[in-house]
Structure formats: structure tokens, C-alpha cells
Amino acid sequence: MTDSAAASSDSADLSPSADTPTFHGLKPLAPKRERELEEIFGDGGMLARAIDGYRSREPQTEMARAVAAAMDTHDSLIAEAGTGTGKTYAYLVPAMLWGGKTIISTGTKHLQDQIFARDIPTVRKALAVPVTVAMLKGRSNYLCHYYLERAQQEGRFASRHEAAQLREITTFAQITHSGDKAELASVPENAPIWAQVTSTRDNCLGQDCPRYKDCFVMLARKEAQQADLVVVNHHLFFADVMLRDTGMAELLPSANTVIFDEAHQLPETATLFFGETVSTTQLLELARDCVAEGLIHARDAADWVKLGANLERAARDVRLTFGQDNARMSVTQLPDDHELFGALESVDIALQDVIETLQHQAERAEALGACLRRALELHEQLERWQLGVTPPSPGEQPLPLLDPDAPRVTDGKREKAVKAREAEAARLTAEAKAAEGADSEGKSEKTYTPPATVRWIEVFSQAVQLHQTPLSIAPIFAKQRAGAPRAWIFTSATLSVKGNFMHYAAQLGLDAGKSLTLASPFDYQNQSLLYVPRGLPQPSAPNFTDAVLDAALPVLEVSGGRAFVLCTTLRAVNRAAERLREEFERRGWPYPLLVQGEASRTELLDRFRALGNAVLIGSQSFWEGVDVRGEALSLVIIDKLPFAPPDDPVLAARLDALTKKGLSPFAVHQLPQAVITLKQGAGRLIRSEADRGVLMICDPRLVDKPYGRRIWQSLPPFKRTRELPIVRGFFDEIAAEAGD
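The rules behind the values
Residues numbered from 1 in each chain as written. Predicted model: local features only at pLDDT ≥ 70, side-chain atom pairs only at ≥ 80, totals over all residues. Heavy atoms only, no water. Helix = DSSP H or I, 4+ residues; strand = E, 2+ residues; numbered from the N terminus. Buried < 20%, exposed > 50% of the residue type's maximum accessible area, 1.4 Å probe, protein only. Contact = heavy atoms within 4.5 Å. Areas by Shrake-Rupley, 256 points an atom, 1.4 Å probe, with all protein chains shown as cover. Phe/Tyr/Trp six-rings, centres within 6.5 Å; stacked < 30°, edge-to-face > 60°. Lys NZ or Arg CZ within 6 Å of the ring centre and 35° of its normal. Expected span 1.5 Å × (residues − 1). Bend = angle between axes of the 7 residues up to and from the residue. Polar contact = N/O pair within 3.5 Å; in protein donor to acceptor, adjacent residues only side chain to side chain. Pairing = 2+ DSSP bridges. Axes fitted to C-alpha atoms, helices over the stretch in contact; angles between N-to-C directions. Parallel < 35°, antiparallel > 145°, perpendicular 65-115°, else oblique. Nonpolar A, V, L, I, M, F, W, Y, C, P; charged D, E, K, R; others polar.

Asker: Where do I start with the overall build of the chain in this structure?
Answerer: The helix and strand tally for the chain stands at 28 helices and 18 strands. Taking all 740 residues of the chain together, 52% fall into the buried category. The long-range share in the chain, meaning contacts at least 24 apart out of those at least 6 apart in sequence, stands at 76%. Counting every atom, the chain has about 33600 Å² of accessible surface; 51% of that belongs to carbon and sulfur.

Here it is in C-alpha cells:
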């Protein structure tokens with residue numbers, strides 16, 4: 001055979017014919033790729049020979065084929081892989097062989113560490129490929145030489161213990177190669193001292209920093225730019241998307257392939273970064289930095305302490321305009337004379353005093369120039385929020401809101417803010433009336449275009465955040481993906497409702513047809529039981545949590561503790577902890593009780609695994625990303641279906657927009673989102689082929705409501721019962737087998 005004939009033959013082997021049926025919505029994988037993957041994943045293949053206990057699983061191979069097909073054509077793929085499928089290997093193998101430069105983004109630090117430290121080295125060794133790897137974290141994880149030196153000069157410590165920690169960090173800075181604070185075990189990662197010796201996006205001096213060449217963040221970025229595989233997290237990925245698009249620093253290198261693991265978290269994370277937030281915390285940090293840098297570089301030029309104190313007082317006064325409780329509300333819920341708006345004007349005055357002073361002193365030191373840039377940016381963001389001006393899209397330059405030479409806080413500006421709120425309220429009222437009119441005529445309002453953003457306020461114990469959030473991130477995210485050709489892989493155990501990806505795909509602007517569902521290899525019919533107790537009240541009943549606990553106590557007794565109690569609200573967590581603590585003591589049950597908030601999540605989970613018979617009560621943070629294998633977890637109790645609270649300002653605005661489009665908010669958004677969240681919680685129970693246990697869902701709507709069937713059919717195929725004796729029998733069977 002001639003060289004040209006051989007090349008032609010090889011090309012034909014790699015390129016399927018044009019009339020071949022699609023493969024999960026993608027161009028079918030070439031036969032040569034198919035054979036290579038079979039040699040890797042098949043019985044006796046490369047993975048089986050290199051990894052003890054590895055067993056070939058067809059769903060894993062199928063996912064690897066689909067991932068490889070997406071990489072070959074720079075396409076997107078949504079892959080829902082049930083627990084135990086082995087999805088990490090299914091995307092790592094094609095990524096190492098054919099993915100080119102690959103970014104792997106995870107939702108949790110735990111998975112990020114696991115992929116970097118365990119999974120990648122295992123697969124790389126099995127394939128014997130020379131792949132270079134880097135893990136990149138957010139800048140707050142890296143020690144900053146500049147701010148370490150400033151902290152040493154200032155000597156401001158809350159205690160002697162904090163001063164001792166700074167000495168340890170100073171020693172660490174002289175010996176570390178990465179600057180990653182996780183390496184210094186003697187100073188906890190959440191210790192307050194770290195805030196003084198790490199940088200933020202706001203206060204980083206960039207190339208003008210005197211220690212730029214030694215910067216740990218820059219060294220980590222350089223290492224990532226040179227690596228074949230870079231492991232990051234979703235927050236870091238989207239922060240970089242925004243930074244790159246606004247012409248600042250490129251945090252992540254350009255890639256041929258982007259893989260999102262735990263991709264069910266993306267809509268929420270992307271919404272966070274594609275919106276705009278101004279917080280009183282940012283103002284307080286600016287005030288602190290202005291005082292510190294002003295005293296160092298221009299001590300005699302201004303009364304820096306007074307300037308900082310005025311801004312700090314104005315920022316703290318914003319919090320005082322609300323009550324003691326934490327709260328979330330839309331700006332349209334506030335009356336025009338609410339104290340918040342006057343407090344924001346005071347912030348504006350103090351902020352412009354700072355800006356005027358910095359404009360005259362910025363050239364004296366880059367640190368003062370950085371403070372000026374931060375002050376101007378905060379001022380613009382605050383004005384956009386007050387006036388209801390939509391934030392610039394990624395890649396766009398913000399427009400000047402007011403004439404920079406105009407008087408500072410004028411009645412005209414105040415009138416503009418009032419008119420903006422009045423216009424927003426009037427628009428919402430007009431749209432509501434138009435929708436009602438269309439409904440009364442039997443028509444749907446199909447031409448309605450929802451507002452681009454919703455303005456809302458979040459009140460915390462010590463701070464206030466002013467948000468402007470996009471109602472849909474699909475157009476923004478689609479714009480990001482429309483850049484350089486690359487493969488986009490979205491994978492998680494929970495992305496669909498009964499195999500339908502429309503809800504997830506619509507949120508991100510993806511093609512729902514380019515998807516596949518891979519069932520878990522676990523034998524749920526024999527390993528598990530879904531129990532929905534009889535006789536429980538509706539979740540709206542005032543005594544609902546106590547009724548749930550009444551039903552749970554006999555199950556906890558027969559399970560011997562070893563349980564998660566997953567609640568949908570912190571109020572339910574607190575009530576469950578109070579009641580179970582009383583009941584365990586009264587009945588003399590030896591089950592240790594672990595409660596969210598009493599220790600860190602990691603510490604609680606470590607104690608739960610070690611104790612072996614504990615009961616852990618938690619809310620949202622324990623519904624996902626938690627892996628407890630073995631007998632320590634044999635019962636998962638979920639109090640009610642996790643529908644998002646309708647008083648959430650962003651959700652309320654999105655539901656309103658769907659209604660005005662003539663769609664059902666419940667069917668289109670609330671139900672699918674609740675199903676995905678419930679699947680996450682249910683997924684805590686069976687984590688291996690040896691696990692056995694009961695999933696107890698205490699919400700009668702799962703059985704009573706027409707939509708209940710759709711929900712439980714989206715869960716793994718548990719054996720189902722409503723009878724307590726069957727639950728007791730199931731645990732007796734487990735105990736008997738353990739005795740054997």
C-alpha cells in the first residue's frame with residue numbers, strides 16, 4: 001500500500017460517513033477511537049491491568065465515547081451519570097488522549113482535591129501518557145508578599161494569638177514554593193489573620209506591585225498556563241470569564257476542552273458572577289486600605305483617619321436601616337422614603353470625598369492608585385444600582401452615568417433614583433395588567449420580553465449587599481461558548497427530570513438533544529428502600545417538623561442512629577436538633593447528635609464517619625458533595641420536597657417573567673429544580689455496591705399530588721413502601737446479614 005493510500009485509509013477510519021446516524025446528538029465517534037477506548041475500558045484493558053479492583057462498566061465506556069465524540073468536533077455534551085458510573089475516569093481518559101489543553105472545573109473543593117491528587121495520577125499512570133497537571137485556586141488561597149509586609153508594619157492584631165500566627169506565616173513565606181495557605185496546617189484556613197496577608201481582586205496591585213516577580217498567584221497562573229490539564233472550581237472559572245472579558249488579567253489559560261463536573265451547580269454560580277453586587281464589606285475594606293496606604297505614602301497630604309472613619313460610618317449606617325433579622329427583598333418592595341436610600345446618599349458623599357483626595361495623591365504610590373480605581377469602580381456600581389442601570393455585559397465598557405463635572409449629590413440625582421424606582425414599579429404593574437388582559441381574552445402574552453435584571457437587597461448580621469442579577473444567564477453564557485472552538489462537557493449525577501434535560505439546557509442556553517443519561521450500576525431494588533410514611537400533615541402545617549420527627553423516631557431506633565436528617569430550612573434544623581436531643585436523652589439512646597453550625601462541615605463529617613452510630617442534622621450544604629460509604633450511613637431522612645422559597649427576589653422575578661410569557665412557572669422551573677435538588681439529597685444514601693439503607697421522604701405530596709409520580713420516577717429505582725413494619729424488616733435483614 002502506498003503512503004497516500006495508507007493515509008487515505010487511516011483518514012477513512014477516523015472519519016465516519018456523513019449519513020451515519022447521530023450519537024447522542026453528536027457526530028458519531030470514529031471506529032479507531034471506539035477500538036482505542038475498548039482497549040482501555042474493556043475487560044483486561046489498560047485500566048483493569050493498572051488499577052486494583054477495576055471492573056469494566058458499559059455505562060462508563062459509553063460516556064467516554066460521547067465525551068470523545070464531543071472533543072473530536074468541538075461540540076457540547078450534557079452527561080448525567082448515576083452514582084457509581086465512574087464518570088471521572090470516563091472524561092479523564094479522552095481528555096488526556098485527545099482533549100488538548102483541558103480545564104476541569106468542579107463545584108466543591110473536596111472533588112477538586114480528589115481529582116488532582118488521586119484520579120488524575122491514577123489514570124495518567126494507567127495510560128502511561130506524559131500529561132502535565134496543575135491545580136489553580138482563588139487568589140485568597142495564596143499568601144501575598146506585599147500585604148504580609150504591610151501587616152508586619154502595621155502590627156494590628158486582635159489578640160496575641162493572632163500575632164503569633166503572623167510570625168508562623170512569616171516563616172512559612174520564606175520556605176513555601178506555592179504560597180498555598182492550605183500547606184500551613186498550624187494556621188486554620190478560616191483564621192481572620194489570612195485576610196490581612198492575602199490579596200483580593202479589588203486590592204491587588206498587579207504588575208505595579210513591588211513583589212510582582214515573586215507573586216504566588218502569578219506563579220500558580222504561569223504553572224497552569226504551561227500544564228495540559230488544569231483543575232479549578234466553578235467560582236474561579238466564572239470569575240476568570242468576567243475578568244478576561246473586561247480586559248483585565250487572564251486567570252485561566254485558553255483551552256481546547258472545558259469539563260464541568262458537578263455541573264448541576266453551574267446555573268446558580270454563573271448567575272452570581274454574571275450579575276453585579278456591591279456590599280458594605282467592600283466599602284469597609286476600602287476605608288481600611290485607604291487609611292493604611294495614605295499613612296504610609298502620603299501621611300501629611302490629608303486627614304486619612306477622618307476620611308476612612310466617615311466612609312466606614314456611612315457604610316455601617318446602611319446596615320442600621322434594616323431590622324436585626326437577616327432578610328432578602330426586591331427594591332420594588334421598599335417604599336420611596338425607606339431609610340436605605342438616604343443612607344446610600346451618605347455613602348456617596350463619603351465615597352466622593354475619598355475619590356477627590358485620592359485623585360490628588362494617586363501618583364505618589366501605586367497602592368494609592370489602586371485605592372482610587374477601587375473607589376471609582378464602587379462608585380459606578382453603586383450608581384448603577386441606585387439608578388436601575390443594567391450592568392455592562394462581559395466585554396462591554398460601562399457608560400458614564402452622570403457628568404463627572406456635575407455637583408456631587410444633588411436633588412437632580414436624588415430625583416433620578418426616585419424616578420428609576422417609580423418607572424420600575426410602573427413597568428411591572430403595566431406588564432401585570434397586560435398579562436391579565438391577555439388571559440381574559442384567552443390569549444397568551446407571547447411577545448413579552450422580561451427585564452434584563454432584578455435589583456434586590458440581602459441583609460446579613462453585619463453587612464448589606466446590593467445585587468443586580470440577570471433573569472436569564474443563557475444569552476451571556478452562550479456568548480462565552482461562542483468564542484474559540486472547543487468542546488464543552490457538562491456532567492453530574494443530577495441534571496435531568498426523568499431523562500429530560502430541557503430545564504437544565506434552557507438555563508445555560510445548551511442543546512438538550514446533545515445529551516445522554518447513564519444509569520447507576522447499583523442494585524437499588526435490593527440495596528435500598530424508599531419509605532413515605534402515612535398520616536403526615538401538609539408541609540404548610542405549623543406542626544409539620546414535629547410530625548416528621550414523630551415518624552422518624554421509630555426508624556432511627558431500628559436503624560441504630562447512622563442517619564442524616566436533611567432539612568430544607570435552618571429553622572427546621574434547629575427544631576429537629578432541639579427535639580431529637582430531648583428525645584435521645586429521655587429514651588436513653590446512645591446516638592451522638594451532630595448539628596450543622598456547631599462545627600465545620602468537614603469536621604462534622606469526619607466525626608460522623610468515626611462514631612459509626614451518629615445522627616447528623618443539616619440543611620442545604622449537606623444535600624450534595626457528601627460521600628459517606630459503609631454502615632455509618634444507613635438512613636437518610638428528608639423532611640420535605642425542596643421547592644425553593646417563593647419569596648426569593650430573583651426566583652420571584654423569574655417566575656413572574658414565565659407567567660407573562662404564558663408559561664407555567666411551576667411546571668417549567670419550580671418542579672424541575674426541586675427534582676434535581678431532591679436527587680442530590682437522595683444520592684447521599686447509596687455510595688457503593690456494598691451500601692444498603694432507607695431513604696425516608698416525609699412529604700405527603702410525593703404520593704398525594706399529581707406531580708408526585710413525576711418526582712419519584714426521577715429518583716433511582718428504589719423499592720417503595722409506606723409501611724413501617726416493612727422498614728423494620730429491611731433493617732432486621734441488614735442486621736442478620738451483618739451477623740453472618
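The discussion continues.
Asker: Can you help me understand the packing of aromatic side chains in this one?
Answerer: Within a pair of aromatic rings, the relevant descriptors are the distance that separates the centres and the angle that separates the planes. For the coordinates displayed, the defined rule picks out 22 aromatic pairs. The interplanar angle of 20° and the centroid separation of 6.2 Å between the aromatic rings of Phe-260 and Trp-488 together place this pair among those described as stacked. In this pair, Phe-260 is assigned in strand E5 (residues 257-260) and Trp-488 in strand E10 (residues 487-492), connecting sequence segments 228 residues apart. We note that Phe-260, like Trp-488, is buried. Between Trp-589 and Tyr-591, the aromatic rings sit 5.6 Å apart at their centres with planes inclined by 50°, giving tilted as the arrangement. Comparing Trp-589 with Tyr-591 shows no difference in burial state: the two are buried. Joined through ring pairs, the aromatic side chains of Phe-237, Phe-238, Phe-260, Phe-274, Phe-477, Trp-488 and Phe-490 make up one cluster. The side chain of Arg-455 reaches across the aromatic face of Trp-385, ending 5.5 Å from its centre. Sitting over the face of the ring of Trp-712, Arg-720 holds its NZ or CZ atom 3.8 Å from the ring centroid.

Asker: Even after reading the chapter, I still don't get unusual backbone geometry, so can you show me in this structure?
Answerer: With glycine set apart, most residues show a phi of negative sign, and most peptide bonds adopt trans. Phi is positive for His-24, close to 55°, though the residue is something other than glycine. Among the structural elements, His-24 can be located in the loop between helix H1 (3-14) and helix H2 (31-41). With a phi angle near 50°, Arg-562 is a residue other than glycine that sits in the positive phi range. Tracing the backbone through its elements, the reader meets Arg-562 in the loop between helix H21 (544-559) and strand E13 (563-566). Assessed through its relative accessible area of 15%, Arg-562 is described here as buried.

Asker: Help me understand helix H25 (residues 665-682), please; the structure alone is not making it clear to me.
Answerer: Along an α-helix, residues three or four apart share an orientation, since each turn contains 3.6 residues. The first and last C-alpha atoms of H25 sit 24 Å apart over 18 residues, in line with the 26 Å expected at 1.5 Å per residue. At Leu-671, H25 shows its maximal kink, close to 30°; a proline, Pro-672, follows between one and four residues later. Buried within H25 we find Pro-665, His-669, Leu-671, Pro-672, Ala-674, Val-675, Ile-676, Leu-678, Lys-679, Gln-680, Gly-681 and Ala-682.

Asker: Even after reading the chapter, I still don't get the side chain of Thr-257, so can you show me in this structure?
Answerer: By secondary structure assignment, the location of Thr-257 is in strand E5. Using a relative accessible area of 1% as the deciding quantity, one classes Thr-257 as buried. From its side chain, Thr-257 meets the backbone oxygen of Gly-99 in a polar contact 2.8 Å long. For Thr-257, the contacting residues outside a window of four places in its chain are Met-71, Gly-99, Lys-101, Thr-102, Ile-103, Arg-486 and Ala-487.

Asker: Looking at this structure, I do not really get the sheet that holds strand E8 (residues 453-459). What am I missing?
Answerer: By way of backbone hydrogen bonds, the strands of a sheet pair with one another, either parallel or antiparallel. Here we have four strands laid out as an open sheet, ordered E6-E9-E8-E7, and antiparallel in their pairing. The sheet is open, and its two edges are formed by strand E6 (276-279) and strand E7 (327-330), each paired on a single side. Within the sheet, the average angular offset between the axes of one strand and its neighbour, ignoring direction, is 20°. As judged from the four bridges shared by E7 and E8, these two strands associate in the antiparallel manner. Among the inter-strand pairings, Ala-327 is bridged to a residue of E8, identified as Val-459.

Asker: Would you mind going over the packing of helix H13 (residues 280-297) against helix H14 (residues 304-320) with me for this structure?
Answerer: If you want to describe how two helices pack, look at the angle between their axes and the distance between the axes. It is at 9 Å that the axes of H13 and H14 come closest, and there the two elements cross at 175°. Relative to H14, H13 is oriented roughly antiparallel. Contact residues: H13 offers Thr-280, Leu-283, Leu-284, Leu-286, Ala-287, Cys-290, Val-291, Gly-294 and Leu-295, while H14 offers Trp-304, Val-305, Gly-308, Leu-311, Glu-312, Ala-315, Arg-316 and Val-318. Split by residue class, the contact of H13 with H14 holds 12 nonpolar, three polar and two charged.

Asker: Please clarify how the side chain of Ser-496 should be interpreted in this entry.
Answerer: With respect to the secondary-structure elements, Ser-496 resides in the loop between E10 and helix H19 (502-508). From its side chain, Ser-496 meets the backbone nitrogen of Gly-499 in a polar contact 3.2 Å long. Not counting the four nearest positions on each side in its chain, Ser-496 is found in contact with Glu-80, Phe-501, Val-675, Ile-676 and Lys-679.

Asker: When you look at the sheet that holds strand E17 (residues 693-697) in this model, what are you seeing that I'm missing?
Answerer: Pairing in this open sheet of seven strands is parallel, and the strands run E14-E15-E13-E16-E17-E12-E18 from one edge to the other. Bordering the open sheet on either side are strand E14 (593-595) and strand E18 (719-721), each of which pairs with just one other strand. Mean inter-strand twist for the sheet, computed between neighbouring axes without regard to direction, equals 15°. Where E13 and strand E15 (residues 615-618) come together, four bridges link them in parallel fashion. Paired with Leu-566 across the strands is Gly-618, a residue of E15.

Asker: Teacher, can you tell me more about the pairing of E5 here?
Answerer: Every regular strand shows the same layout, with side chains that alternate between the two sheet faces. Burial along E5 is two-sided: the residues Thr-257 and Ile-259 and Val-258 and Phe-260 are all buried. Relative to E5, strand E2 (residues 102-106) runs parallel, the two being bridged by four bridges. Among the inter-strand pairings, Ile-104 is bridged to a residue of E5, identified as Ile-259. Where E5 and E10 come together, four bridges link them in parallel fashion. Across the sheet, Thr-257 pairs through a bridge with Ala-487, a residue of E10.

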